[in-house]
Amino acid sequence: AAARHGIPLLLPAATTAEGVDRAIFDELVLGQPSPACILVLATAIKELAAQGAASIMLGNTDMSLVTEELQSAATVPLIDAARAHAREAARIALAG
């Protein structure tokens, strides 16, 4: 979908992506993110920013648990997918 709008999709290195998967499925889904988990996610964000990302979508809804910590360490804006969807749903519901 991003490509249809001229937005390039940047991906972290495979080893970084594996670390992100472990952080999500070993800790975030349990609601217990450790400092090490946050560091893994922050490292992935820094990697994407170094590739030229202007902003980064936190596409896993469990990332809402650590959005503030990640944003404080990020050099680019982070978009929390869960919050973005909730805001849009509220906007549509209130529009009638």
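The structure we're discussing is the one just above.
Below: a short report on this structure. The residue numbering used here restarts from 1 in each chain and proceeds along that chain's sequence as written. Only residues with pLDDT of 70 or above have their local features reported here, since the model is predicted, and side-chain atom pairs are shown and tallied only from 80 upward, although totals for entire chains, interfaces and linings are computed over all residues. Hydrogens and waters are ignored; side-chain quantities use all the structure's heavy atoms.

Quick word on the overall build of the chain
When helices and strands are tallied, the chain shows four helices and two strands. Each helix is a run of DSSP H or I of at least 4 residues and each strand a run of E of at least 2, with the numbering of both proceeding from the N terminus. Taken from the N to the C terminus, the helices and strands of the chain come in the order α-α-β-α-β-α. Projecting the C-alpha coordinates of the chain onto the three principal axes gives extents of approximately 45 × 35 × 20 Å. Only protein chains enter the accessibility calculation, which uses a 1.4 Å probe; a residue is then buried when its area is under 20% of its type maximum, exposed when over 50%, and partly exposed in between. Evaluated residue by residue, the chain yields a buried proportion of 27% over its 96 residues. Once local pairs closer than 6 in sequence are excluded, the contacts in the chain between residues at least 24 apart make up 46%. Surface accessibility of the chain: about 6,200 Å² in total, with carbon and sulfur atoms responsible for 62%. All tallies of charge rest on Lys and Arg as positive and Asp and Glu as negative; His and the ends of each chain are not included. Charge placement uses NZ in Lys and CZ in Arg. For Asp and Glu, CG and CD serve respectively. Side chains of the chain give 6 positive and 10 negative charges; the mean places of these two sets differ by 9 Å. Throughout, a residue-residue contact means that at least one pair of heavy atoms, one from each residue, lies within 4.5 Å. In this description, accessible areas are obtained by the Shrake-Rupley approach with a 1.4 Å probe, and a residue is regarded as covered only by the protein chains that are shown.

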